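Each chain is listed here by its residues.
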Amino acid sequence: MAGILAWFWNERFWLPHNVTWADLKNTEEATFPQAEDLYLAFPLAFCMLMVRLIFERFVAKPCAIALNIQANGPQTAQPNAILEKVFTAITKHPDEKRLEGLSKQLDWDVRSIQRWFRQRRNQEKPSTLKRFCESMWKFSYGLYIFTYGIRFLKKTPWLWNTKHCWYNYPYQPLTPDLHYYYILELSFYWSLMFSQFTDIKRKDFGVMFLHHLVAILLITFSYVNNMARVGTLILCLHDSADALLEAAKMANYAKFQKICDLLFVMFAMVFITTRLGVFPLWVLNTTLFESWEIVGPYPSWWVFNLLLLVIQGLNCFWSYLIVKIACKAISKGKVSKDDRSDIESSSDEEDSEPPGKNPHTATTTNGTSGTNGYLLTGACAVDD
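This structure is a prediction, so every number in the text was calculated from the model and none was measured.

Draft legend 1. Structural context of the overall build of the protein. The helix and strand inventory of the protein stands at 14 helices and 0 strands. Counting over 384 residues, the protein shows a buried share of 50%. Of the roughly 18,600 Å² of accessible surface on the protein, 64% is carried by carbon and sulfur atoms.

Here it is in structure tokens:
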């Protein structure tokens, strides 16, 4: 084990040339990031999950009820032991041959069986109340952490001149505000990693899992090798649009369509501007070029920038979805349901109607329309 740890913490991988871990030990004059600091994120992530449960029950739920958002879920399927066995043990999406066999066995017409399976799939979806509570929690956290990040960064020199991220690197002392910012962000992403298996399932579950994983790796990497200054810029930039998105979703669940549309437009403008404009021209410019000029490359520098490029790829993917929704909104006159939205399963297609069903009778899930979500940390993320 000692040999494995020595290999993993090889100074020639993590640190620039002629720098050792001994050089970054805490002294009375200065405090530097230590890898063991990151262990604090695990109990804090658990505490954050507990705070979320309390917040959703005693704050978000009363707010939802005050806005007349009910806990009623989709229509319940008629109890049927044979169909339930097929649904749970064989398939949730029976093909035409199986539908005909069930029709003969139960003496039901095929349309009725299709309707039963659709209602049974919808039965597993969370209610609008649950969706609202989840969005309100993410909105509250996103608004707080973005506000904190702005208040912290406006006092730092590297916000105004990114070359200060690399001057005297890696001998840059760790301040209490920076330490708090990093540990809180890391704890939040770990809490998302734990909770995403119980939260509302969406079509891009795999993409969001990748986003959370890359975000955790980036935060960890940048903290361990003391790239925390540029890390704060990345975190704050990616937090900028999250609160707007969750606010738009809450407005949608409360059926305030005009407010939802306005917030979505604001979110789209901020997201695309920051992720496709500011991030590559400001952040990637300093991590790729200014750092090369002032510090020079070393192995973990390459890994760090590779992870940033993965994040940028995800930003491009989500921006494509946002533009796609904007195009639909122009043609329909309002913001329609987001492609990445609150569809509860990565393979779920229950919103599609069975063959022969009149499309004019179709309704949006849970009786809502509008922007039902998109992404991160959101990348959050680190979504993001």
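That shown, we press on.
Draft legend 2. Looking closely at the UniProt feature "transmembrane region" (unreviewed entry) in the protein. Feature annotation in UniProt places "transmembrane region" (unreviewed entry) on residues 38-55, 179-198, 205-224, 260-282 and 302-323, given in this structure's numbering. Helix makes up 100% of residues 205-224 and strand 0%, and the two end C-alpha atoms of the span are 28 Å apart. Each end of residues 302-323 is marked by a C-alpha atom, and these two atoms are 31 Å apart; helix forms 100% of the span and strand 0%.

Draft legend 3. Structural context of the nonpolar core. Within the largest apolar cluster, 66 residues are counted, with the highest numbers of intra-cluster contacts made by Met 227, Phe 279 and Phe 304. Going through the elements one at a time, α3 (41-66), α7 (128-153), α9 (176-195), α10 (205-224), α11 (228-239), α12 (242-253), α13 (257-294) and α14 (299-332) are the ones with two or more residues in this core. If we skip the residues at most four places from it in the chain, Met 227 touches Trp 166, Tyr 169, Tyr 182, Ser 222, Tyr 298, Trp 301 and Phe 304. Residues Ala 251, Cys 260, Phe 267 and Leu 321 belong to the second largest nonpolar core, which totals 18 residues.

Draft legend 4. Seen up close, unusual backbone geometry. A cis amide bond links Tyr 169 with the next residue in sequence, Pro 170, at an omega value of 5°. For Pro 170, the location among the structural elements is in the loop between α8 (157-160) and α9. Positive phi values are uncommon outside glycine, yet Asn 168 reaches one of about 60°. Secondary-structure assignment places Asn 168 in the loop between α8 and α9.

Draft legend 5. Highlighting the packing of aromatic side chains. Considering all chains together, one arrives at 28 aromatic pairs under this definition. Plain terms: the ring middles of Tyr 141 and Phe 188 are 3.7 Å apart, the flat faces sit at 10° to each other, and that makes the pair stacked. Of the two residues, Tyr 141 is situated in helix α7 and Phe 188 in helix α9; the sequence distance between them amounts to 47 residues. Judged by relative accessible area, which is 5%, Phe 188 ranks as buried. When the ring of Phe 317 is compared with that of Trp 318, the centres are 6.4 Å apart and the planes differ by 55°; the resulting orientation is tilted. Of the residues examined, Trp 318 reaches a relative accessible area of 0% and is grouped as buried. Aromatic ring contacts, followed pair by pair, group Phe 8, Trp 9, Phe 13, Trp 14, Trp 21 and Phe 221 into a single cluster.

Draft legend 6. Seen up close, helix α5 (residues 96-106). Taken as a whole, α5 has its buried residues at Leu 99, Leu 102, Ser 103 and Leu 106. Taken down its axis, α5 places every buried residue within 105° of arc, on the same side. Exposed residues pointing more than 90 degrees away from the buried face of α5 are listed as Lys 97, Lys 104 and Gln 105. Positive phi shows up at Asp 107, right after α5, with a value of about 60°.

Draft legend 7. The packing of α9 against α10, seen in detail. Across the interface, α9 lies against α10 with an axial gap of 10 Å and an inter-helix angle of 155°. The angle between α9 and α10 falls in the class roughly antiparallel. Considering only the axes of α9 and α10, their crossing is left-handed. Along its contact with α9, which presents His 179, Tyr 182, Glu 185, Leu 186, Tyr 189, Trp 190, Leu 192 and Met 193, the element α10 presents Phe 209, His 211, His 212, Leu 213, Ala 215, Ile 216, Ile 219, Thr 220, Ser 222 and Tyr 223.

Draft legend 8. Quick look at the pattern of salt bridges. The tally for this structure, following the rule as stated, stands at 6 salt bridges. One salt bridge connects Arg 52 with Glu 56, and the closest N-O pair in it is separated by 2.8 Å. In this pair, Arg 52 and Glu 56 are both assigned in helix α3, 4 residues apart and thus about one turn of the helix distant. On the basis of relative accessible area, Glu 56 is assigned to the buried category, the value being 16%. Here Glu 134 makes a salt bridge to Arg 52, at a shortest N to O gap of 4.0 Å. In this pair, Glu 134 is assigned in helix α7 and Arg 52 in helix α3, connecting sequence segments 82 residues apart.

Draft legend 9. Summary view of the packing of α11 against α13. Two elements in contact, α11 and α13, have axes whose closest approach is 11 Å; the angle formed by their N-to-C orientations is 180°. Overall, the two elements α11 and α13 adopt an arrangement that is roughly antiparallel. On the side of α11, the interface is formed by Val 230, Leu 233, Ile 234, Leu 237 and His 238, while α13 contributes Thr 274, Arg 275, Val 278, Phe 279, Trp 282, Val 283, Thr 286 and Thr 287. Broken down by class, the residue content of the contact of α11 with α13 amounts to 8 nonpolar, 4 polar and 1 charged.

Draft legend 10. Local environment of a nonpolar patch on the surface. A surface patch of nonpolar side chains, about 640 Å² in accessible area, is lined by Met 1, Ile 4, Leu 5, Trp 7 and Phe 8. Along the chain, Ile 4 falls in helix α1 (residues 2-8). Ile 4 sits in the exposed class, given a relative accessible area of 54%.

Draft legend 11. Spotlight on the side chain of Ser 187. Relative to the assigned elements, Ser 187 resides in helix α9. Side-chain polar atoms of Ser 187 contact the backbone oxygen of Ala 41, separated by 3.5 Å. At 2.7 Å, the side chain of Ser 187 and the backbone oxygen of Ile 183 are in polar contact.

Cut-off values and rules
Residues numbered from 1 in each chain as written. Predicted model: local features only at pLDDT ≥ 70, side-chain atom pairs only at ≥ 80, totals over all residues. Heavy atoms only, no water. Helix = DSSP H or I, 4+ residues; strand = E, 2+ residues; numbered from the N terminus. Buried < 20%, exposed > 50% of the residue type's maximum accessible area, 1.4 Å probe, protein only. Areas by Shrake-Rupley, 256 points an atom, 1.4 Å probe, with all protein chains shown as cover. UniProt positions renumbered as here; feature names shortened; annotations may be inferred. Core = buried A, V, L, I, M, F, W, Y, C linked by side-chain atoms within 4.5 Å. Contact = heavy atoms within 4.5 Å. Phe/Tyr/Trp six-rings, centres within 6.5 Å; stacked < 30°, edge-to-face > 60°. Arc of directions from axis to C-beta. Axes fitted to C-alpha atoms, helices over the stretch in contact; angles between N-to-C directions. Parallel < 35°, antiparallel > 145°, perpendicular 65-115°, else oblique. Left-handed = near helix turned anticlockwise from the far one by under 90°. Salt bridge = Lys/Arg side-chain N within 4 Å of Asp/Glu carboxyl O. Nonpolar A, V, L, I, M, F, W, Y, C, P; charged D, E, K, R; others polar. Patch = residues over 30% accessible without salt bridge, like charges linked within 9 Å, V, L, I, M, F, W, Y side chains within 5 Å. Polar contact = N/O pair within 3.5 Å; in protein donor to acceptor, adjacent residues only side chain to side chain.

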